[in-house]
Each structure stands twice: as C-alpha cells, then as structure tokens.
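Breakdown of the fold
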Amino acid sequence: MRRLLFLFTLAGTLLYAEQKIKIAAAAGYKKPLQEVIKAYRQEGGSPVKAIFGNVRQISVQAKHTDIALLIGDRNYLSDQSGLAFDGFTSLGSGKLVLAYPKNTALTACSDLAQERVRAIAIAKPSKAIYGIAAETFLQRSGLYETVKERLRIVATVPQVTAYLVANEVDAGLINLTAALANEKKLGGYLVIPQQYYEKIDIVAGTLPECSRSRDCQTFLDYLRGERAREIFKKYGL
C-alpha cells in the first residue's frame, strides 16, 4: 500500500514538474520576452511556454485555453479583449517608429510624402495596436491623404519588419522594440513624437489561471524585477 501511495505521489510530482506556465503576447514583443524567459530559466525558474500573434488572435485563444498571462496594450486588453483580468503589471511604454530599409534613407517623417517612397507597410489597425498608432500618426500629421494609396497593410508588426528587411517596401511603421531587435538589418528609423498617437502602455494581464498557480506568480514577480526590466529597457520599453 505504501509503495502504491509512493508511486502515485511520484507520478503527481513529475506531472507537476512538467507543467509549463502558458503565456501569450503580441507578436512585436517576441524577442524581449524570449530573452526574459531564457534568463528566468537560467536562474532556476519553471518552464514557460509562450505563443505570439496579433492581439485579437491571442485574446481569443486565452478565452479557450489555460493561458495564464496575456501581454499587450493595456487599453485593448482591459476594454476590448472580453477577458476578465485579475490585475495588470506594467512592462513599459510602447513607442512608434518610422523605419526604412537599407536601400532607402529618410531624414524626417514628412519624407513619406515624397514620390520616391512608393510603398509604406503598416500593421492592420483592426488587429494590431501599432496599426492603430500608425494610422493615427498619418492622420494627425496630415500625411494620410497623400500616402493612403501607397499603404501596404499586413497583419502584424513582424510582417511589416520582414518587408523592410527584404527591401520590399520603402518605409514601414513599427514599434521601437522591433526596430532595435532588427537594427542591423534595417537602414535606420525615426522615433515618432508621442503627440501623434495615443500612449501605449504594455502590460502583463493576469488571468485566473495565473492566480491559481504559484509558479505563475513567481514568474510575474520576475517580470517586475531588475533583470527583466533591464531586458525590456534594452528593447525600447
């Protein structure tokens, strides 16, 4: 009987050990989060499984799976995701930039109006927070009517970045995090002044699954810590 009890206890322990904290994040924050997770594991933290996609996509997934943390823009998560969060942990402020490929040189945002800038990639406003920010910037700057026929709208910021790296567009509006992660592959970038779009507060939204998990609470504490903050700051947050 004792042997049977020991085997059941051992099996339960092994099952617990193999469980992973599941998080989902906006695709534009893949690199910094992967670096944070790697550092967390190196310091003895529990396994973390991360999925990435546009904010609408990961919000839908969170409704039907055991995702514990959802990382993205606070305004969208709290007001439009349809999810009930137990709280939010701020990771930093998102910043919009105008990036350009190696075969192009832009010195000011107004350069978008020039005829040589024939294709401008942005993320889809209905699916990505930086798509909303890009559209808002174009409208507030008075550039929208001039460039609207030249816009190439794709699903996510990583897709915009891929077009820039491949020299398939002359400019793209992405977040600073993506620009820094791909700095050597780009021609350069210009930071868009905050007045041209609404503030973007990037947070980790705590879902009920996290509140029930000691490991998730430990990972959340790590996100608030100095090492994670250093990594997020390095990526422009």
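Only a predicted model underlies this, so the values are computations on that prediction, with no experimental measurement involved.

Things to note about the packing of aromatic side chains
Considering all chains together, one arrives at 5 aromatic pairs under this definition. Centroid distance Y40 to F219: 4.9 Å. Interplanar angle 65°. Geometry classified as edge-to-face. Here Y40 is found in helix α2 (residues 30-42), whereas its partner F219 is found in helix α10 (residues 214-224), with 179 residues between them in sequence. Residue F219 is classed as buried on the basis of its relative accessible area, which comes to 0%. Both rings, one in F137 and one in Y196, keep their centres 5.9 Å apart while their planes meet at 90°; by these two values the pair is edge-to-face. On the criterion of sequence distance, the pair formed by F137 in helix α5 (residues 129-140) and Y196 in the loop between β9 (188-191) and β10 (200-206) is long-range, its members being 59 residues apart. Among the aromatic side chains, those forming a connected cluster through ring pairs are Y40, F219 and Y222. R152 extends its terminal NZ or CZ atom over the ring of Y163, reaching a point 5.3 Å from the ring centre.

A few points about the side chain of S59
Looking at where S59 falls in the secondary structure, it is placed in helix α3 (residues 55-64). Once residues within four sequence positions are removed from consideration, S59 is found in contact with L70, Y76, L77, S81 and L83.

Here we look at helix α7 (residues 157-165)
Taken as a whole, α7 has its buried residues at V157, V160, T161 and L164. Around the axis of α7, the buried residues are gathered within 100° of arc, so they sit on the same side. On its buried face, α7 is in contact with β5 (96-100), β6 (120-123), α5, β7 (151-154), β8 (171-175) and α8 (176-181). Directly after α7, the chain includes N167, whose backbone phi takes a positive value near 60°.

Considerations on the sheet that holds strand β4 (residues 87-94)
The mixed open sheet is built from 5 strands, whose spatial order is β2-β1-β3-β10-β4. With partners counted over all chains shown, the strands left at the sheet margins are β2 (48-53) and β4, one partner each. Across the sheet, the mean angle from the axis of one strand to that of its neighbour is 20°, orientation sign disregarded. Judged from the 7 bridges that link them, β4 and β10 form a sheet pairing that is antiparallel.

Let's talk about the confidence of the model for the chain
Of all residues in the chain, 92% have pLDDT values of 70 or greater, and the mean over the chain is 91. Residue range residues 4-18 is modelled with pLDDT below 50. Its contacts to residues more than four positions away, or to other chains, number 3 contacts.

Conventions used here
Residues numbered from 1 in each chain as written. Predicted model: local features only at pLDDT ≥ 70, side-chain atom pairs only at ≥ 80, totals over all residues. Heavy atoms only, no water. Phe/Tyr/Trp six-rings, centres within 6.5 Å; stacked < 30°, edge-to-face > 60°. Helix = DSSP H or I, 4+ residues; strand = E, 2+ residues; numbered from the N terminus. Buried < 20%, exposed > 50% of the residue type's maximum accessible area, 1.4 Å probe, protein only. Lys NZ or Arg CZ within 6 Å of the ring centre and 35° of its normal. Contact = heavy atoms within 4.5 Å. Arc of directions from axis to C-beta. Pairing = 2+ DSSP bridges. Axes fitted to C-alpha atoms, helices over the stretch in contact; angles between N-to-C directions. pLDDT = per-residue confidence, 0-100.

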